[in-house]
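Understanding the architecture of this molecule
Residues per chain, in single letters:
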Amino acid sequence: MTDPAGSGRLLSRLRPAALMLPLVLLASCGSGGWFGKKDAEPPPPCPRIGILGDARKAVQFRPGPGRDLTDVAYEVELLDYNGGCKFEEKDKVKNVAVTVTFTLQIAATRGPAAGDSRESVVPYFIAVVDKQQNILSRDAFSARIPLPPGRRRVAVGDELEQRIPLAGRSTRDIEILIGLELDNEQLDFNRKQRGF
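Figured I'd write up the structure that's included with this text. Model, not experiment: these values are computed from the prediction.

1. Remarks on the overall build of the chain
Regarding its fold elements, the chain presents 1 helix and 9 strands. Each helix and strand of the chain, placed in order from N terminus to C terminus, yields the pattern β-β-β-β-β-β-β-β-β-α. Within the chain, the proportion of its 196 residues that are buried is 41%. The long-range fraction of contacts in the chain, counting pairs at least 24 apart against all pairs at least 6 apart in sequence, stands at 71%. Accessible surface, the chain as shown: approximately 11200 Å² in total, 52% of it carbon and sulfur.

2. Brief notes about the layout of surface pockets
Here the largest pocket defines a volume of roughly 370 Å³. If you trace the largest pocket, you find 20 residues lining it, with K57, V59, E75, F189 and Q193 closest to the centre. Broken down by secondary-structure element, the contributors of at least two residues to the lining of the largest pocket are β3 (57-61), β4 (72-90), β5 (94-110) and α1 (184-193). Partitioning the lining of the largest pocket into residue classes produces 8 nonpolar, 4 polar and 8 charged. Empty space within the second largest pocket amounts to approximately 190 Å³. In terms of lining, the second largest pocket is formed by 14 residues, of which the most central are Q60, V76, S120, V121 and P123. Counting only elements with at least two residues in the lining of the second largest pocket, the list comes to β3, β4 and β6 (119-130). If one sorts the elements of the lining of the second largest pocket by residue count, β6 sits on top with 4 residues.

Scoring rules and cut-offs
- Residues numbered from 1 in each chain as written.
- Predicted model: local features only at pLDDT ≥ 70, side-chain atom pairs only at ≥ 80, totals over all residues.
- Heavy atoms only, no water.
- Helix = DSSP H or I, 4+ residues; strand = E, 2+ residues; numbered from the N terminus.
- Buried < 20%, exposed > 50% of the residue type's maximum accessible area, 1.4 Å probe, protein only.
- Contact = heavy atoms within 4.5 Å.
- Areas by Shrake-Rupley, 256 points an atom, 1.4 Å probe, with all protein chains shown as cover.
- 1 Å grid on protein atoms, 1.4 Å probe; cavity = no way out; pocket = protein on both sides within 12 Å on 5 of 7 lines; lining within 4 Å.
- Points joined across faces, edges and corners; volume = space filled by probe spheres on them.
- Nonpolar A, V, L, I, M, F, W, Y, C, P; charged D, E, K, R; others polar.

Structure representation (structure tokens):
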């Protein structure tokens, strides 16, 4: 993928996971010491991952002016994530990159205005930010969620891998943020629903 921020990181999708796993908080990576070595320093913590509150849910209305419950085609939501990480090391002293692998759980619910459509396409993004919330990198993805006849709600998982060059930073200094790609109307709708 291209790297507009010049950070040299790589973000890739692995494969869709059909079943959802329970939430597992990201913790230190591996067991048995640093890269499995006994009597070695423990690895640093994995970077934090968060789902943005304003971009956690999205309502897709059918075309036209109507905006009540009967006009809802789909509702989509980012549910959870789970995963872990591993580190690359340089000269056995300094970490040069961390690779985070995680499964993002996404749900789609068919609304009254969905018609005969059997799939919901859910665009979302993943960004890496520093402590000051400066964006170091940002990539867009799209999950396709099948909605077969007779199923009103379906949850799927996307497995992704994020390689983040540390460039002298600690993993405590960066965070991975996930959110749905929303237009202004969807964002305003979410904020009104949350009381903002």
